Amino acid sequence: MMSPKKFNNLFIRHFPQLFILILIVGCQAVGPDYEGSPEIDVPDNWNNELNNEFSEQSDSQKQWWTLLDDPILNNLIDKAAIDNLDAKIALARVEEARANFGIVEASKFPEINSDGEVSRKSSSKSATGDKATDNYTSIGLDLSWEIDIFGYVRRSIEAADAQFQASVENYRDVMVILYAEIAKNYIALRTFQERLQFALENVKSQRETFNIVNARYKAELVSEVDVLQSEQNLAAAESYVPLFHAQIDELMNSLAVLLGKNPGSLNQELKQNKGIPDVSEKTVVELPREILRQRPDIRRAERRLAQKTAEVGIATAEQYPRFNLNGTFGYDAKGSDSQFSSNSRYWSFGPNFKWNLFDAGAEESAIKVEDAQLEEARVNYERTVLIAFEEVENALKSYKEEKQRNISLRASVKAAKKVNKITVARYTSGLIDFQEVQDAERVIFFQEDDLAQSDGNLVQFIIQLYKAMGGGWDDTEIPAQEAINEDV
């Protein structure tokens, strides 16, 4: 071991270098410092006046789908959160970014390597004139530490950290989209099942009408034209049934794939028509400024902006010299010499640097590339915010107009049913011709179909609204990839 006296002499001899090292480690990193997301003109309230179903608050509904009060939908979303393949991919990218951050962060610490060798060697008597066999032993440590004078390491850590946080927001955005996609497909499924039910009821009604017309024809009360028209109406109504069955099967297959399962695996669970869910409570609409905090894609764009800011600093630091502090300590012994004696000891200590003095403007161009990408990230952040506001406004407007349309359709269906009942009775009494019955049956068929679609659209616009607000995630920790895999 080194004696205290030798250590003191070594410390005194290298004190100026150590003093300079202490000073330069505290130097300011080159390049721009990230000062937060750009200031954006955010409205205080939404342009579209809120319906009575909505309340404007700053506290969003995280699990918004529970408002639909549908246990099957809740179960599908719970399963999708674990089994969906896009979610697994996004989670794997989080783990990748987390590991990459660990690699980059390690660069601020010294790197220490060890090596050793034990061998027995024999020399060539023909080459050396002497035949000798000796034992060799060697063991040593190498130390290398980059002295972060101009902030290359610090900026690299900032960039890696921002990239990791962006991957977390990307995972959250995938979950927001996934939950909305599950709900949209589920509501579409229930809507088509409602349309199918209306179609089957209409087919049944028109078959009854056909039987009446056919009986009147056999009694020679009406012409064959009435029979053919009734048959035409019936066949037209029946033609919609296979289309609805096909759409129902496609939507059940889509839901199965979203849950990471084979197509058809959910058919038994979903085949029974449970009706279109309704929003039983008031929908919570966040204030515009809260959208900046809530939507993961906006949060991701902000983290990309931070990453690009740090990468400008990395490119700028490349123009300056990079210093390393290197050290070596070990023992080499040959033959009978003691391996750990002072005579076998060797060491070295000192800094080195690398500086690109001429590159024909490559580094300057690299900075311009990063500056351009930084500006792109800034504009992308603003664009993402504007798109978010647009999506919320559109969803509010669409729901408002669809609500009014739904009221009108409901009144129209009620009136059409009365008209249809009256026309069939009058036709049976011979007061009107079959054309009026035919028209009444067509109206009620299409009006009921439109009403079913409108009922579904109302819920779809609520889903669209919550997706636009970034609903469906909270601040809980991202699940570990291993835990997800264990649950599969």
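Residues numbered from 1 in each chain as written. Predicted model: local features only at pLDDT ≥ 70, side-chain atom pairs only at ≥ 80, totals over all residues. Heavy atoms only, no water.

Of the regular secondary structure elements, the chain holds 14 helices and six strands. Residues counted as buried form 42% of the 488 residues belonging to the chain. Of the contacts formed within the chain by residues at least 6 apart in sequence, a portion of 83% connects residues at least 24 apart. Counting every atom, the chain has about 27000 Å² of accessible surface; 53% of that belongs to carbon and sulfur. (Helix = DSSP H or I, 4+ residues; strand = E, 2+ residues; numbered from the N terminus. Buried < 20%, exposed > 50% of the residue type's maximum accessible area, 1.4 Å probe, protein only. Contact = heavy atoms within 4.5 Å. Areas by Shrake-Rupley, 256 points an atom, 1.4 Å probe, with all protein chains shown as cover.)

Now for helix α4 (residues 85-105). In an α-helix, one turn spans 3.6 residues, which is why side chains three or four residues apart end up on the same side. For α4, spanning 21 residues, the distance from its first C-alpha to its last is 30 Å, which sits close to the expected 30 Å at 1.5 Å a residue. When α4 is considered as a whole, its buried residues turn out to be A87, A90, L91, V94, E95, A97, F101 and V104. Structurally, the start of α4 carries an N-cap: the backbone nitrogen of D86 is 3.0 Å from a side-chain oxygen of N84. (Expected span 1.5 Å × (residues − 1). Polar contact = N/O pair within 3.5 Å; in protein donor to acceptor, adjacent residues only side chain to side chain.)

Before going further, it helps to examine helix α7 (residues 224-238). The end-to-end C-alpha distance of α7 is 21 Å, a good match for the 21 Å that 15 residues give at a rise of 1.5 Å each. What α7 keeps buried is the set D226, V227, Q229, S230, N233, L234 and A237. Looking down the long axis of α7, one finds its buried residues gathered within 165 degrees of arc, a one-sided arrangement. Looking at the buried positions of α7, the neighbouring elements they touch are α6 (152-218), α8 (240-258), α12 (362-428) and α13 (434-468). (Arc of directions from axis to C-beta.)

So, about the packing of helix α11 (residues 296-317) against α12. At a closest axis distance of 9 Å, the pairing of α11 and α12 adopts a crossing angle of 170 degrees. It follows from the interaxial angle that α11 and α12 lie roughly antiparallel. Looking at the contact of α11 with α12 residue by residue, the class counts come to 12 nonpolar, five polar and eight charged. (Axes fitted to C-alpha atoms, helices over the stretch in contact; angles between N-to-C directions. Parallel < 35°, antiparallel > 145°, perpendicular 65-115°, else oblique. Nonpolar A, V, L, I, M, F, W, Y, C, P; charged D, E, K, R; others polar.)

A separate point is the side chain of E363. Residue placement: E363 occurs in helix α12. Beyond its immediate sequence surroundings of up to four residues, E363 is in contact with E318, Q319 and N356.

Turning next to the pattern of salt bridges. Side chains bearing opposite charge may pair, as long as their charged atoms lie close to each other. With the rule as written, the count across this model stands at 22 salt bridges. The salt bridge partner of E158 is R155, with a shortest N-O separation of 3.1 Å. You can see E158 and its partner R155 sitting in helix α6, three residues apart, about one turn around the helix. By relative accessible area, E158 is classed as partly exposed at 36%. A relative accessible area of 2% means that R155 is categorised as buried. A salt bridge links R207 to E238; its shortest N-O distance comes to 2.6 Å. Residue R207 is located in helix α6, and its partner E238 is located in helix α7; the two are separated by 31 residues in the primary sequence. Taking the relative accessible area as the measure of exposure, R207 reaches 38% and is therefore partly exposed. The exposure class assigned to E238 is partly exposed, which follows from its relative accessible area of 31%. The structure contains a network of salt bridges with shared partners spanning D33, R155 and E158. (Salt bridge = Lys/Arg side-chain N within 4 Å of Asp/Glu carboxyl O.)

This part takes up the packing of aromatic side chains. A full pass over the atoms with the stated rule returns 12 aromatic pairs. Between F329 and Y331, the aromatic rings sit 5.7 Å apart at their centres with planes inclined by 80 degrees, giving edge-to-face as the arrangement. The exposure class of Y331 is buried, given its relative accessible area of 9%. The structure contains a cluster of three or more aromatic residues connected by ring pairs, namely F192, Y240, F244, F445 and F446. A cation over a ring is seen here: R322 above Y152, with NZ or CZ 3.7 Å from the ring centre. (Phe/Tyr/Trp six-rings, centres within 6.5 Å; stacked < 30°, edge-to-face > 60°. Lys NZ or Arg CZ within 6 Å of the ring centre and 35° of its normal.)

On to the confidence of the model for the chain, then. Chain-level statistics for the chain give a pLDDT mean of 85 and a share of 86% at 70 or above. No element of the chain has a lower mean pLDDT than helix α14 (residues 481-487), which averages 45, and none a higher one than α8, which averages 96. Every residue in residues 482-488 scores below 50 in pLDDT, and together they form seven contacts with partners more than four places removed in sequence or on other chains. (pLDDT = per-residue confidence, 0-100.)

Let's shift gears to the environment of V174. You can see V174 is positioned in helix α6. Along the primary structure V174 and P296 are separated by 122 residues, whereas in three dimensions their C-alpha atoms are 8.8 Å apart. Apart from residues no more than four positions distant in its own chain, V174 is found in contact with D86, A87 and A90.

A general tendency of soluble globular proteins is for nonpolar side chains to be buried together. Membership of the largest hydrophobic core comes to 75 residues, with the highest contact counts inside it found for I182 and L270. Per-element tally for this core: the top contributor is α6, with 18 residues. Setting aside residues up to four positions removed in sequence, L270 forms contacts with I72, L76, Y186, L189, R190, Q193, M252 and L255. Among the nonpolar cores identified, the runner-up in size contains nine residues, and V213, Y427, I432 and V437 belong to it. (Core = buried A, V, L, I, M, F, W, Y, C linked by side-chain atoms within 4.5 Å.)

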